[in-house]
Amino acid sequence: MKSTFSFNKLREPLTAYAFLFPSFIGLVVFILYPLVNSFFLSFQRWDMLSDMRFIGLRNYQKLFDDTDLHKILGNTGVYTVSVVMITLVLALAIAILLNQKLRGRIIFRTTFFLPVVMSLTAVSAVWLWIYDPEFGLANWLLKLAGLPTSKWMNSPQSAMTAIIVMMIWQTLGYNIIIFLAGLTNIRRDLYEAASLDGAGAWATFWNITLPLLSPTLVFLIITSTIQAFRVFDPIFVMSGGLGGPANSTATVVFYLYRQAFYNLDAGYASAIAFLVVAIAMVFTVLQLYLSRRWVTYE
Amino acid sequence: MSNSRPSTVNSQQTADSNFQLDWKKIASYLILIPVTILVGLPFLWMLSSSVKSPAEIFIDPPRWIPNEFHFENFMLAWGKAPFAQFFFNSIIVTLSIVAIQLTTACLAAYAFARLKFPGKNLLFLLYLSVMMVPTQVTLIPNYVTLSRLSLLNTYAALILPFIATGFGTFLIRQQFLSIPQDLGDAARMDGAGHLRTLWHVYVPLARPAIASFGLLAAMWHWNDFFWPLITTTKVEMRTMPLGLQVFAQQEAGVEWHLLMAAAIFVAAPIIILFMLAQRQFIEGIASAGVKG
């Protein structure tokens, strides 16, 4: 009698643990353990084959001394700021235009969103051809507009710009969708009130739309920045795995990959990984701070 | 305040704003149509190039509608690299990951939504926080683990690291919480165990969230380039995106028409899926926000 009673009491927790077991194993083996292990590796010199050697903070010291890394962090910063800022402004403008009853709204929305679901490898392959200096779409458009043509991926001066333009095209639709979701949450009667008070479109945008959209805006700035900072696929594919002419398109995660799998320096690569995490954390803290200061809730 | 104004003024204003609205709409079309065409051009460029002859590819200015349609380019590209094998690999890997993630996430979501057990809050916090661990940090140890188990160049290497999903668990748990508890209790009164209740009551009722997450997971893992790049070195283990990258770099050369054809069949499955289930995709994306 007594044993049945305690069994029933234990039954629910045991069921819960059994249900959690498969995902828990996955998290521990492939996320938690690697996280801890990676931290440990960042204090070692190790080529992933022979014995490792403890070298203290030397990998972290190298982060400060490595001029290649500093150049690459600069590239990554330029890429991140350009892609995030330009995409945000364009997406907000388009989302505001799309946030009304229009014919063919579905066609607009689908066209903007298609690049988002497309494999970045396929996107990069298509844009490599778009950027062909002689027969590509990009230079054809520039010539049509009467502008000077560019060597795009073939020159260190323009290679990063080429990737930035491509990634603005690719991420635009995602930003539009998130903005549209934010815009539909703004109450209609606020706009009606503003129009009754004689507010013009510009005043309405600055006084109603933008403040009430600020949670969406902060969310998008932070998540897009963290995402853009970790860019890898297009960097790899567009440069054939080389990082562009004179390292001009190499980014920090690309550099991490090269350190681990070409230079076989797992320790230094792990230190770079934690640098990436630290930068992402700075942005997350910034988000908390900004959302407290800026964000207007209704 | 404005609601209290006399209705005559209101109707006057409405008529006014209706007139203005038309101009606003015309201006919107004048901006949106060219911008949409510009955004659509790379797709048209890809489609148009994929059916051109090698000679017509290299014409300046480009001819958007080719003189002859060379649909055999798709067969040619498909045969130039083992794309049939890559396609098969991608299908196996994507379907396995989606099926496994849906199973582990539904089980965990049910535990978090409906069961009482010690350590629940702490465990939930753990599931949430792993969402924020970037793949770059886990990269090297996971590579080493799989290499020590001699699993590199196997399907296991491509699938195992993704058996658990913090994001999927969270999304499905939210949906489970919105299901009235009475429904599950009624099933339990009829003698159904938790597993049966989950399968017969919760899963059918949470179908929208489950479908959204399944589609997103399919997209992410079909399109994944980074992990196959690291864990496979053998040609026969490549997935579609990796196969395409190597094709672009080595086999295609300057045969842009074949590369465009190949890009189309790499991207097509997810684009078709998106066309069929646009609403679920967009709702999933809008609710997802964070990923990476």
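Residues numbered from 1 in each chain as written. Chains lettered and ligands numbered in written order. Predicted model: local features only at pLDDT ≥ 70, side-chain atom pairs only at ≥ 80, totals over all residues.

1. Regarding the overall build of chain A
Going by this rule: Only runs of H or I of at least four residues qualify as helices and only runs of E of at least two qualify as strands under DSSP, and these elements are numbered from the N terminus. The atom set for the radius of gyration is the C-alpha atoms, and the globule formula is 2.2 Å times the number of residues raised to the power 0.38. Any residue surrounded by 20 or more other C-beta atoms within 10 Å of its C-beta is treated as buried, while 12 or fewer makes it exposed and the intermediate range makes it partly exposed; C-beta atoms here are placed from the backbone.
Along the backbone of chain A there are 12 helices and two strands. For 298 residues, the compact-globule estimate of 2.2 N^0.38 gives 19 Å, and chain A exceeds it by more than 25% at 25 Å. In terms of overall dimensions, chain A has a C-alpha envelope of 70 × 70 × 35 Å along the principal axes. Here chain A holds 298 residues, and 40% of them are scored as buried.

2. Here we look at the interface of chain B and chain A
The cut-off we apply is this: Think of it this way: build a C-beta for each residue from its backbone, and any pair within 7 Å is a contact. Side-chain classes are defined by residue name, with Ala, Val, Leu, Ile, Met, Phe, Trp, Tyr, Cys and Pro counting as nonpolar, Asp, Glu, Lys and Arg as charged, and the others, Gly among them, as polar.
Between chain B and chain A, the residue contacts involve 74 residues of the former and 72 residues of the latter. Sort the elements by how many residues they give to the side of chain B that touches chain A and helix α1 (residues 7-50) of chain B lands first, with 16 residues. Taken together, the residues of the side of chain B that touches chain A sort by class into 52 nonpolar, 18 polar and four charged.

3. Here's the deal with the domain arrangement of chain B
Interfaces are often sized by the amount of accessible area the parts lose when they come together. Just so we agree on the cut-off: Domain borders in the structure are assigned automatically or taken from a domain database.
When cut into domains, chain B gives domain 1 (2-50) and domain 2 (74-288). The straight-line distance from the C-alpha centre of domain 1 of chain B to that of domain 2 of chain B is 38 Å.

4. Looking at the packing of helix α4 (residues 83-114) of chain B against helix α8 (residues 166-177) of chain B
Helices that pack against each other are described as a pair by the angle of their axes relative to one another and the distance between those axes. All names here are of chain B. To keep things clear, this is the line we draw: A fitted line through C-alpha atoms represents every axis, and for helices the fit uses only the stretch in contact; the resulting angles, taken between N-to-C directions, go from 0 to 180 degrees. Relative orientations are named as follows: roughly parallel for angles under 35 degrees, roughly antiparallel for angles over 145 degrees, roughly perpendicular for angles from 65 to 115 degrees, and oblique for any other angle. Crossings are sorted by hand: turned counterclockwise from the far helix by less than a right angle, the near helix makes the crossing left-handed, and turned clockwise it makes it right-handed.
Look at α4 against α8: their axes get within 8 Å of each other, and the N-to-C directions meet at 50 degrees. Between α4 and α8, the crossing angle belongs to the class labelled oblique. In this structure, α4 meets α8 at a crossing whose hand is right-handed. Contacts between α4 and α8 involve Gln101, Ala105, Cys106, Ala108, Ala109, Tyr110, Phe112, Ala113 and Arg114 from the former and Gly168, Thr169, Ile172, Arg173, Phe176 and Leu177 from the latter. When the residues that make up the contact of α4 with α8 are grouped by side-chain class, the tally is 10 nonpolar, three polar and two charged.

5. Some thoughts on helix α5 (residues 120-130) of chain A
Residues separated by three or four positions in an α-helix point in the same direction, a consequence of the helix having 3.6 residues per turn. Within α5 of chain A, 11 of the 11 residues are buried, which leaves it mostly tucked inside the rest of the structure. Taken together, the buried positions of α5 of chain A are occupied by Leu120, Thr121, Ala122, Val123, Ser124, Ala125, Val126, Trp127, Leu128, Trp129 and Ile130 of chain A.

6. Re the packing of helix α3 (residues 67-98) of chain A against helix α7 (residues 159-184) of chain A
Residues and elements named next belong to chain A. At a closest axis distance of 7 Å, the pairing of α3 and α7 adopts a crossing angle of 40 degrees. Relative to α7, the element α3 is oriented oblique. Seen along the crossing, α3 lies across α7 with a hand that is right-handed. Taken together, the residues that form the contact of α3 with α7 break down as 22 nonpolar, five polar and no charged.

7. Details of the environment of Leu107 of chain B
Relative to the helices and strands, Leu107 of chain B is located in helix α4. Sequence separation between Leu107 of chain B and Trp199 of chain B is 92 residues; the distance between their C-alpha atoms is 9.5 Å. If sequence neighbours within four positions are ignored, Leu107 of chain B has contacts with Phe19 and Pro22 of chain A.

8. Topic: the domain arrangement of chain A
Assigned domains of chain A: these are domain 1 (2-41) and domain 2 (60-293). Domain 1 of chain A and domain 2 of chain A are separated by 38 Å when their C-alpha centres are compared.

9. Observations concerning the confidence of the model for chain B
All names here are of chain B. The condition is simple: Each residue carries a pLDDT score, the predictor's own confidence in it, on a scale running from 0 to 100.
Model confidence for chain B is summarised by a mean pLDDT of 88, while 91% of its residues fall at 70 or above. Ignoring residues within four places in sequence, the model shows residues 1-16, a span with pLDDT below 50, making six contacts including any to other chains. Complex prediction metrics read pTM 0.90 and ipTM 0.90.

10. Quick word on unusual backbone geometry
Across the junction of Asp60 of chain B and Pro61 of chain B, the peptide omega takes the value 0 degrees, indicating a cis bond. Along the polypeptide, Pro61 of chain B turns up in the loop between α2 (54-57) and α3 (72-80). For Met48 of chain A, which is not a glycine, the phi torsion comes out positive at approximately 70 degrees. Relative to the helices and strands, Met48 of chain A resides in the loop between β1 (44-45) and β2 (53-54). A tally of 17 C-beta atoms within 10 Å means that Met48 of chain A is categorised as partly exposed. At Ser150 of chain B, a position not held by glycine, the phi torsion is positive, near 55 degrees.

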